[in-house]
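# Structural description and commentary
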Amino acid sequence: MRPRVGRVLSLNPAISVQNTHVSPTDRFRLDGRTALVTGAGRGIGRACALALAQAGAEVWLCARTRTEIEQVAAEIGGKAVACDVTDSAQIRQIISEVP
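Model, not experiment: these values are computed from the prediction. (Residues numbered from 1 in each chain as written. Predicted model: local features only at pLDDT ≥ 70, side-chain atom pairs only at ≥ 80, totals over all residues. Heavy atoms only, no water.)

## Here we look at the overall build of the chain
When helices and strands are tallied, the chain shows four helices and five strands. In the chain, which comprises 99 residues, the share counted as buried stands at 22%. Of the roughly 7200 Å² of accessible surface on the chain, 53% is carried by carbon and sulfur atoms. (Helix = DSSP H or I, 4+ residues; strand = E, 2+ residues; numbered from the N terminus. Buried < 20%, exposed > 50% of the residue type's maximum accessible area, 1.4 Å probe, protein only. Areas by Shrake-Rupley, 256 points an atom, 1.4 Å probe, with all protein chains shown as cover.)

The following block contains the structure:
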């Protein structure tokens, strides 16, 4: 049986724990954090960018095609940066810009 919210649980009579419901999304908040997502214009990269933004992260979206990432950036309030991840100079430049 699942305890009700606010009910005091006691495994040891000397210790009591207040049971409060915390959703999984509240446990993994990313407020104040920055995420850089490659391939963020579509597919798994897009899904990751959306989830990170929903969790409170500032999301930088990176892909070779600026059009796709600009659409996602507009949707989540992120920053779109065109970059080829196979070019190490471009990667270093992007990382230096991320707060």
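So that's the structure; there's more coming.
## Here we look at the pairing of strand β3 (residues 34–38)
Here β3 shows a clear split, with Ala-35 and Val-37 buried on one side and none of Thr-34, Leu-36 and Thr-38 buried on the other. Here β3 pairs with strand β4 (residues 58–63) via five bridges, running parallel. Bridging across to β4, Thr-34 finds its partner in Glu-58. In this view, the connection linking β3 to its parallel neighbour β4 by way of helix α2 (residues 43–54) has right-handed handedness. (Pairing = 2+ DSSP bridges. Right-handed = clockwise from strand over helix to strand, strands pointing away.)

## What to know about the packing of aromatic side chains
Using the criterion set out here, one finds zero aromatic pairs in the structure. Between Lys-79 and the ring centre of Trp-60, over which it is positioned, the NZ or CZ distance is 5.4 Å. (Phe/Tyr/Trp six-rings, centres within 6.5 Å; stacked < 30°, edge-to-face > 60°. Lys NZ or Arg CZ within 6 Å of the ring centre and 35° of its normal.)

## Observations concerning the sheet that holds β4
Reading across the sheet, the three strands line up as β3-β4-β5 and stay open at both edges, with parallel pairing between neighbours. Each of the sheet's edge strands pairs with one partner strand only, and the pair in question is β3 and β5 (79–82). Each strand of the sheet is rotated relative to its neighbour by a mean of 20°, with strand direction disregarded. Against the sheet, α2 makes contact with β3 and β4, and its axis sits at roughly 170° relative to β3, the strand it touches most. (Axes fitted to C-alpha atoms, helices over the stretch in contact; angles between N-to-C directions. Contact = heavy atoms within 4.5 Å.)

## A look at the environment of Ala-51
Mapped onto the secondary structure, Ala-51 falls in helix α2. We classify Ala-51 as partly exposed; its relative accessible area is 44%.

## A word on the confidence of the model for the chain
Looking at the chain as a whole, its pLDDT mean stands at 83, while 75% of the residues score no less than 70. Across the chain, element-level confidence peaks in β4 with a mean pLDDT of 96 and bottoms out in strand β1 (residues 8–12) with 50. (pLDDT = per-residue confidence, 0-100.)

## Re the pattern of salt bridges
Taken as a whole and assessed by the stated rule, the structure comprises four salt bridges. Between Glu-68 and Arg-42 there is a salt bridge whose closest N-O contact spans 3.8 Å. Of the two residues, Glu-68 is situated in helix α3 (residues 66–76) and Arg-42 in the loop between β3 and α2; the sequence distance between them amounts to 26 residues. By relative accessible area, Arg-42 is classed as exposed at 59%. Arg-66 is the partner of Glu-70 in a salt bridge, and the nearest nitrogen-oxygen pair spans 3.5 Å. Here Glu-70 and its partner Arg-66 are both found in helix α3, four residues apart, which amounts to about one turn of the helix. (Salt bridge = Lys/Arg side-chain N within 4 Å of Asp/Glu carboxyl O.)

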